[in-house]
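Descriptive analysis of the structure
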Amino acid sequence: MKELVEVMAKALVDNPDEVSVSEREENGETIVELRVAASDMGKVIGRQGRIAKAIRAVVKAASAKTDQKVVVDIVQ
């Protein structure tokens, strides 16, 4: 899932070199943390969170195949 989030985020932002994605396990679920430059935060979140919701929906659909719960956190 880490690679999927990274590819989507790099396609959205102006500074793809500053995109970093980390993955960790907690309470039986995988948490994917996405970090981008401050100037690119709006592009990743989108108006009223639409792009962030879309990223989460794609990750949720991809994780359904592996039968695991994945949460995407966008961190400053």
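Here we summarise the structure given alongside this text. Owing to the predicted nature of the structure, the values given are computational and were not obtained by experimental measurement.

Conventions used here
Residues numbered from 1 in each chain as written. Predicted model: local features only at pLDDT ≥ 70, side-chain atom pairs only at ≥ 80, totals over all residues. Heavy atoms only, no water. Core = buried A, V, L, I, M, F, W, Y, C linked by side-chain atoms within 4.5 Å. Buried < 20%, exposed > 50% of the residue type's maximum accessible area, 1.4 Å probe, protein only. Helix = DSSP H or I, 4+ residues; strand = E, 2+ residues; numbered from the N terminus. Contact = heavy atoms within 4.5 Å. Salt bridge = Lys/Arg side-chain N within 4 Å of Asp/Glu carboxyl O. Pairing = 2+ DSSP bridges.

V5, V19, V21, L34, V36 and V44 are the most contacted members of the largest nonpolar core, which totals 14 residues. Of all the secondary structure elements, the ones that give two or more residues to this core are α1 (2-12), β2 (29-35), α2 (41-45), α3 (50-66) and β3 (70-75). In this structure V36 touches V13, E18, V19, M41, V44 and V75, once residues within four positions along its chain are discounted.

With that out of the way, let us pick up the side chain of S63. Along the polypeptide, S63 turns up in helix α3. Beyond its immediate chain neighbours, meaning those up to four positions away, S63 contacts M1, Q68 and V70.

Moving on, we come to the pattern of salt bridges. Any two side chains of opposite charge can pair, so long as their charged atoms come close to each other. A full pass over the atoms with the stated rule returns six salt bridges. Notably, a salt bridge pairs D14 with K43, separated by 2.4 Å at the nearest N-O pair. You can see D14 sitting in the loop between α1 and β1 (20-26) and its partner K43 sitting in helix α2, a full 29 residues away along the chain. The partner of R24 in a salt bridge is E33, with the nearest N and O atoms 3.0 Å apart. Since its relative accessible area comes to 34%, R24 is described here as partly exposed. Linked through salt bridges whose partners overlap, the residues forming this network are R24, E26, E33 and R35.

Let us look at the pairing of β1. In terms of strand pairing, β1 meets β2 through seven bridges, oriented antiparallel. Within β2, the residue paired with E26 across the bridge is E29. Connecting β1 to the antiparallel partner β2 that follows it, the hairpin turn spans two residues, and N27 within it adopts a positive phi of roughly 50 degrees.

Our next topic: unusual backbone geometry. Despite not being glycine, Q48 has its phi angle at roughly 55 degrees, a positive value. Take Q48: it is sitting in the loop between α2 and α3. Looking at Q48, the relative accessible area reads 69%, which means it is exposed. The phi torsion at D67 lies on the positive side, around 60 degrees, for a residue other than glycine. Position of D67 among the secondary structure elements: in the loop between α3 and β3.

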